[in-house]
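# Working through the structure, step by step
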There are 2 protein chains.
Amino acid sequence: MDISEDALLAAIRKVLSGAGPEVRVGVGDDAAVVSPGSGDLVLTTDALVEGSHFRLATTTARDLGYKAVIVNLSDIAAMAASPRYALCALTLSSSVDAAWVMELFGGMLSACDEYALWLVGGNLARGPEVSIVITAVGEVAPGRALTRDGARPGDVLGVTGELGAAAAGLRLAAGPPRAPDAGERAASARLARPTARVGEAGVIAAVGATAMMDISDGLGLDLSRLCAASGVGARLEVDRVPVAAAATRADALGGGEDYELLATLPDDAAVDACAQELQEAFGVSFTRIGVIIESGLVAVTSSGEERPLEPRGWDHFHDG
Amino acid sequence: MDISEDALLAAIRKVLSGAGPEVRVGVGDDAAVVSPGSGDLVLTTDALVEGSHFRLATTTARDLGYKAVIVNLSDIAAMAASPRYALCALTLSSSVDAAWVMELFGGMLSACDEYALWLVGGNLARGPEVSIVITAVGEVAPGRALTRDGARPGDVLGVTGELGAAAAGLRLAAGPPRAPDAGERAASARLARPTARVGEAGVIAAVGATAMMDISDGLGLDLSRLCAASGVGARLEVDRVPVAAAATRADALGGGEDYELLATLPDDAAVDACAQELQEAFGVSFTRIGVIIESGLVAVTSSGEERPLEPRGWDHFHDG
């Protein structure tokens, strides 16, 4: 780095938003101090590691900072909670300078502003590669967090938005440079700046969802995890899975990083009510994509053909 | 890694302690859910990065896991708060296997047990080097967190324990192998397994401390930070600084990673009361090492000689 730790911390403090009404002590002391409401707290941590999740050559610092926050907020949303506070542990290499770090914070703060999240603390370390670990704290009414273990046979599976955009964006980034069409531009934007479905999660919980999670590692793998947690199986109606523009059905079933919400609802009426409200409030679709069964993971096509559903997806330890 | 992410997560879940009365959802869902008391929350995050903070060849996984927790608890203690929950974001390289990771968790859990902390969630990622980012959440009575900005001229500076042991331990580890004496063994143990002064912090707060922080980057540098935050100066009585066995005075003044507490108290009577109670309750010393003045950082010897105090210490961006 071209700057000392204390000087960098001082520069970072200047770009941070001031302390909110609930933030008693922000960045600069041994720890942050906040006065939360009386709800349950939802705690999550997620990392973006250079080489594994991004390359410096193909991402901007601002997009990276934004995304590092969003991937955590997606986990907060998946519990039907509201984001409150975040902490950031940065490891910086000699490949980045202070200006890059300021841009990174710019991206993080832009996500924080959008989702009413306070960045209250952090840590700086040196290492051979850049990594960004965000920890987010959310709040939810006592006992109302929506876990992934409540799905019951007969429940209907629904998903927000369209899947596969991030996988398509990754493929486009790896391919030869050319002028993208509108769908391809949307896919690339989705990869760089995903959306955390925070407001949408509240609606899904309110219509009586029995289980929910975000799709970060691919629909097949994440659905298998939801089923394992609930002790149930699923019939996935593969031709109903909404496929994003520029994406293939394989992208939609196996691609990671979409950060859409997968939920189980008690019946079709709840799915319809949810779909209507999400469309009206957020312009976001909600699609029935299958049902929960006693056991087994089955993929069924619109022509009625069945095969076992392989929980393929993005396993961070077996990705090549 | 020799194991998939889901398999490793399953193995980790088995070694984690069960959910406590305040933990509604632990590891395994999108996020953890906890029901805290009505106090303020204290939030901190700290990283141990391979190459920068440790080398795999010279540390055991168990010591590393223990220390990763303790360095965070030291920040919680420095706010006079009680530890409650922790999250762990691990980046694993191909140099470590599943058995190593289990040992790492063994060390983390041993620290969690000792300090009544619940490890409620985490994240696994792959990278070129191992890093361990712990985020800890503590609790403190509303408005009672002890920050570093409350020191006033006339306050007396006190420090827990003895300083320089970690620096001495580092020097011993770098030197040729030989049979260590008792002091050297203690210094090495202190480096590998530091103590978080959680109980001690409560006593220091109760006798009326005006400011407190933990000494993680060296007494000189950390004292300069406390003074900057409080808008004051300090006269450090260098010959009174307690020096650990096997350490030099330079280790005690400039060496990092001691994790002792530096506090300002209203008068000598408060220091004496604190010293007596810490000795009786914890067998830990508390030593007057100087006074807070209007401005400037001055080192004064027992013979009355004065010189400017250089805030040397461990800056993670300028460590060579």
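All figures in this text were calculated on a predicted structure; none of them were measured in a lab.

## Quick look at the side chain of Ser74 of chain B
All names here are of chain B. Within the secondary structure layout, Ser74 lies in helix α2 (residues 61-78). Of the residues examined, Ser74 reaches a relative accessible area of 1% and is grouped as buried. Every residue in contact with Ser74, bar those within four places of it in the chain, is listed here: Ala196, Asp214 and Tyr259.

## Remarks on the relation of the copies chain A and chain B
Between the two copies of the chain lies a rotation about an axis combined with a shift along it. For the pair chain A and chain B, the best superposition has an RMSD of 0.0 Å and corresponds to a rotation of 180 degrees with a translation of 0.0 Å parallel to the axis. Read as a symmetry element, the transformation amounts to a two-fold axis. A shared binding surface is used by both copies, with 100% of the interface residues of chain A retained as interface residues in chain B.

## Digging into helix α4 (residues 165-174) of chain A
Among the residues of α4 of chain A, Ala165, Ala166, Ala167, Ala168 and Gly169 of chain A are the ones counted as buried. As for α4 of chain A, its buried residues are in contact with α5 (182-192) and α8 (249-254) of chain A.

## Things to note about the pattern of salt bridges
One pass over the full model with this rule turns up 36 salt bridges over all chains. Taking the shortest distance from any N to any O, the salt bridge between Glu260 of chain A and Arg190 of chain A comes out at 2.8 Å. Within this pair, whereas Glu260 of chain A is found in strand β10 (residues 260-265), its partner Arg190 of chain A is found in helix α5, the two being separated by 70 residues in sequence. The buried category is assigned to Glu260 of chain A, whose relative accessible area is 1%. Residues Asp217 of chain B and Arg225 of chain B are paired through a salt bridge, measuring 2.7 Å at the closest nitrogen-oxygen approach. Each member of the pair, Asp217 of chain B as well as Arg225 of chain B, is classed as buried. Shared partners join several salt bridges into a network, and the residues in it are Arg190, Arg197, Glu200 and Glu260 of chain A.

## What to know about the interface of chain A and chain B
Taken together, the contacts link 68 residues of chain A with 68 residues of chain B. Counting the surface lost from both chain A and chain B, the interface buries some 5,200 Å², and carbon and sulfur atoms represent 58% of this. Between Asp40 of chain A and Arg24 of chain B there is a salt bridge, with its nearest N and O atoms 2.7 Å apart. Where chain A meets chain B, there are 21 residue pairs in polar contact (both at pLDDT 80 or more). Looking at which element gives the most residues to the side of chain A that touches chain B, the answer is strand β3 (residues 40-49) of chain A, with 9 residues. Here β3 of chain A pairs with strand β2 (residues 32-34) of chain B via 3 bridges, running antiparallel. Bridging across to β2 of chain B, Leu41 of chain A finds its partner in Val34 of chain B.

## Notes on the pairing of strand β5 (residues 118-126) of chain A
Here strand β4 (residues 82-92) of chain A pairs with β5 of chain A via 8 bridges, running parallel. Note on β5 of chain A: the bridge partner recorded for Thr91 of chain A is Ala125 of chain A.

## Regarding empty space enclosed by the protein
Within this structure, the stated rule accounts for 1 cavity of 30 Å³ or more. Each pocket or cavity is described by its volume, and for the largest cavity that value is around 100 Å³. Lining the largest cavity we find 13 residues, and of these Glu129 and Ser131 of chain A together with Val49, Glu129 and Ser131 of chain B sit closest to its centre. By residue class, the composition of the lining of the largest cavity is 5 nonpolar, 6 polar and 2 charged.

## Describing the packing of helix α6 (residues 198-206) of chain B against helix α9 (residues 268-282) of chain B
Residues and elements named next belong to chain B. The contact between α6 and α9 brings their axes to 10 Å, and the two run at 150 degrees. It follows that α6 is roughly antiparallel to α9 by the angle criterion. Of the two elements, α6 crosses α9, and the hand of that crossing is right-handed. The segment α6 lies against α9, with Gly199, Glu200, Val203 and Ile204 engaging Cys274, Glu277, Leu278 and Phe282.

## Here's the deal with the confidence of the model for chain A
Taken over all residues, the pLDDT of chain A has a mean of 91, while the share at 70 or more is 95%. The ipTM, which scores confidence in the relative placement of chains, is 0.89 for this predicted complex, and the corresponding pTM is 0.92.

## Here we look at the environment of Ala299 of chain A
Residues and elements named next belong to chain A. With respect to the element layout, Ala299 can be found in strand β12 (residues 297-300). Taking relative accessible area as the criterion, Ala299 reaches 2% and is therefore assigned buried. Measuring from C-alpha to C-alpha, the distance between Ala299 and Glu310 comes to 8.6 Å, with 11 residues separating the pair along the chain. Excluding residues within four positions of it along the chain, Ala299 makes contact with Leu236, Val238, Glu305, Glu306, Arg307, Pro308 and Leu309.

## A short note on the sheet that holds strand β11 (residues 286-293) of chain A
All names here are of chain A. Spatially, 7 strands are ordered β8-β10-β7-β11-β9-β12-β13 in an open sheet, and the strand pairing comes out mixed. Two strands close off the open sheet at either side, each with one partner strand: β8 (211-215) and β13 (306-308). Between one strand axis and the next, the sheet turns through 25 degrees on average, direction left out of account. Bridge count for strand β7 (residues 156-160) against β11 is 5 bridges, and the pairing is antiparallel. If you follow Gly158 over to β11, its bridge partner there is Arg288. Packing of helix α9 (residues 268-282) onto the sheet brings it into contact with β7, β10 and β11, and relative to β11 it is tilted by some 155 degrees.

## Considerations on the packing of aromatic side chains
In total, this model carries 0 aromatic pairs over all chains according to the counting rule given. Above the ring of Tyr66 of chain A, the side-chain terminus of Arg193 of chain A is found at 4.3 Å from the ring centroid.

## Focus: the pairing of β7 of chain A
All names here are of chain A. Within β7, 5 of the 5 residues are buried, which leaves the element mostly enclosed by the surrounding structure. Along β7, one buried face is formed by Val156, Gly158 and Thr160 and the opposite face, lined by Leu157 and Val159, is buried too. Two elements, β7 and β10, share 4 bridges in a ladder whose sense is antiparallel. Of the residues in β10, the one forming a bridge with Val156 is Leu265.

## Section: the sheet that holds strand β6 (residues 131-140) of chain A
One open sheet holds the 6 strands; their spatial order is β5(A)-β4(A)-β6(A)-β3(A)-β2(B)-β1(B), and the pairing between them is mixed. Whereas interior strands pair on both sides, the edge strands pair on one side only; in this sheet they are β5 of chain A together with β1 (23-25) of chain B. Taking the axes of each pair of neighbouring strands and ignoring which way they run, one obtains an average angle of 20 degrees across the sheet.

## Notes on the packing of helix α2 (residues 61-78) of chain A against helix α3 (residues 98-114) of chain A
Residues and elements named next belong to chain A. Remark: α2 packs on α3, axes separated minimally by 7 Å, with the N-to-C direction vectors making an angle of 40 degrees. Taken as axis vectors, α2 and α3 run oblique relative to one another. Crossing angle aside, the handedness with which α2 passes α3 is right-handed. Facing Ala61, Arg62, Leu64, Gly65, Tyr66, Val69 and Ile70 of α2, the residues of α3 in contact are Trp100, Glu103, Leu104, Gly106, Gly107, Met108, Ser110, Ala111 and Glu114.

Conventions we followed
Residues numbered from 1 in each chain as written. Chains lettered and ligands numbered in written order. Predicted model: local features only at pLDDT ≥ 70, side-chain atom pairs only at ≥ 80, totals over all residues. Heavy atoms only, no water. Helix = DSSP H or I, 4+ residues; strand = E, 2+ residues; numbered from the N terminus. Buried < 20%, exposed > 50% of the residue type's maximum accessible area, 1.4 Å probe, protein only. Contact = heavy atoms within 4.5 Å. Least-squares fit on C-alpha atoms with pLDDT ≥ 70 in both. Salt bridge = Lys/Arg side-chain N within 4 Å of Asp/Glu carboxyl O. Buried area = accessible area lost by both parts, 1.4 Å probe. Polar contact = N/O pair within 3.5 Å; in protein donor to acceptor, adjacent residues only side chain to side chain. Pairing = 2+ DSSP bridges. 1 Å grid on protein atoms, 1.4 Å probe; cavity = no way out; pocket = protein on both sides within 12 Å on 5 of 7 lines; lining within 4 Å. Points joined across faces, edges and corners; volume = space filled by probe spheres on them. Nonpolar A, V, L, I, M, F, W, Y, C, P; charged D, E, K, R; others polar. Axes fitted to C-alpha atoms, helices over the stretch in contact; angles between N-to-C directions. Parallel < 35°, antiparallel > 145°, perpendicular 65-115°, else oblique. Left-handed = near helix turned anticlockwise from the far one by under 90°. pLDDT = per-residue confidence, 0-100. Phe/Tyr/Trp six-rings, centres within 6.5 Å; stacked < 30°, edge-to-face > 60°. Lys NZ or Arg CZ within 6 Å of the ring centre and 35° of its normal.

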